[in-house]
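Structure assessment
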Amino acid sequence: MLDNCLFCKIIKGEVPARKIYEDDQLLAFWDVAPQAPKHFLIIPKKHISGPSSITATDQEIIGALVGKGAQLAAENGIPDCRLVMNNGAAAGQTVFHLHLHVLGGRPLPWPLG
Ligand code: AMP
């Protein structure tokens, strides 16, 4: 846990969030600025700053994160959804605690352009 990390503060309960799911490794909560009718984030409780910082020891938790994200999407009415990780500021990453965006509820354009 990092003291100055927003998502670590959400994990610790120091910042409120609308939680969807929690276990000993993962936390999912609705995004405060949704980019689709349904948009939630799923994060590891372990502080990993982003996709580029994933190591071999994280592979099990990342697999669980993606699988649980898709499962929660189906349970929350968006079996067809987009799973996104922004990696680095130029790619749109603003919070440097690894998170998977799960978006759905409207047609999602592809390619991004
Ligand atoms: P990214 O830009 O990929 O780093 O995504 C960060 C996401 O966190 C954005 O979609 C924000 O809207 C979202 N966000 C920021 N603060 C909060 C918060 N307190 N609770 C829920 N989502 C948040």
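The following paragraphs examine the structure supplied in this document.

Calculation criteria
Residues numbered from 1 in each chain as written. Predicted model: local features only at pLDDT ≥ 70, side-chain atom pairs only at ≥ 80, totals over all residues. Heavy atoms only, no water. Pairing = 2+ DSSP bridges. Helix = DSSP H or I, 4+ residues; strand = E, 2+ residues; numbered from the N terminus. Axes fitted to C-alpha atoms, helices over the stretch in contact; angles between N-to-C directions. 1 Å grid on protein atoms, 1.4 Å probe; cavity = no way out; pocket = protein on both sides within 12 Å on 5 of 7 lines; lining within 4 Å. Points joined across faces, edges and corners; volume = space filled by probe spheres on them. Expected span 1.5 Å × (residues − 1). Buried < 20%, exposed > 50% of the residue type's maximum accessible area, 1.4 Å probe, protein only. Arc of directions from axis to C-beta. Contact = heavy atoms within 4.5 Å. Near = heavy atom within 4 Å. Polar contact = N/O pair within 3.5 Å; in protein donor to acceptor, adjacent residues only side chain to side chain. Areas by Shrake-Rupley, 256 points an atom, 1.4 Å probe, with all protein chains shown as cover. Sits in = over half its atoms within 2 Å of the grid points.

1. As for the sheet that holds strand β5 (residues 100-104)
Judged by pairing direction, the sheet is antiparallel, and its five strands sit side by side in the order β1-β2-β3-β5-β4 without closing on themselves. Of all the strands in the sheet, just β1 (19-22) and β4 (82-84) have a single pairing partner and so form its edges. For this sheet the average axis-to-axis angle between neighbouring strands, irrespective of direction, equals 20°. Sheet topology note: the strand β3 (residues 38-44)/β5 ladder contains five bridges and is antiparallel. Bridge pairing in β5 places F40 opposite V102.

2. Some points on the layout of surface pockets
By volume, the largest pocket amounts to about 620 Å³. D31, Q35, H39, L41 and H101 are the residues nearest the centre of the largest pocket, which is lined by 30 residues in total. Within the residue set of the lining of the largest pocket, elements represented by two or more residues are α1 (6-12), β2 (26-30), β3, β4 and β5. Top element by residues in the lining of the largest pocket is α1. It accounts for three residues.

3. Notes on helix α2 (residues 59-75)
Compared with the 24 Å implied by 1.5 Å per residue over 17 residues, the 24 Å span of α2 between its first and last C-alpha is a close match. Of the positions making up α2, those classed as buried are I61, I62, L65, K68, G69, L72 and A73. On an axial view of α2, the arc spanned by its buried residues comes to 140°, and they lie on one face. α2 presents Q59, E60 and E75 as exposed residues on the side facing more than 90 degrees away from its buried surface. In this structure, the buried residues of α2 make contact with β1, β2, β3 and β5. Residue G77 follows α2 closely and has a positive phi angle near 90°.

4. Thoughts on the site of the ligand
Neighbouring the ligand are 16 residues; D31, N86, G92, T94 and H101 lie closest to it. Between an oxygen atom of the ligand and a side-chain N or O atom of N86, the distance comes to 2.9 Å. In isolation the ligand exposes 500 Å². Once the protein is present, 85% of that is buried. Comparing atom positions with the cavity grids shows the ligand to sit within the largest pocket. Contributions of two or more residues to the shell around the ligand are made by α1 and β2. Sorting elements by how many residues they give to the shell around the ligand places α1 first, with three residues.

Read these as spatial facts, not as claims about activity.
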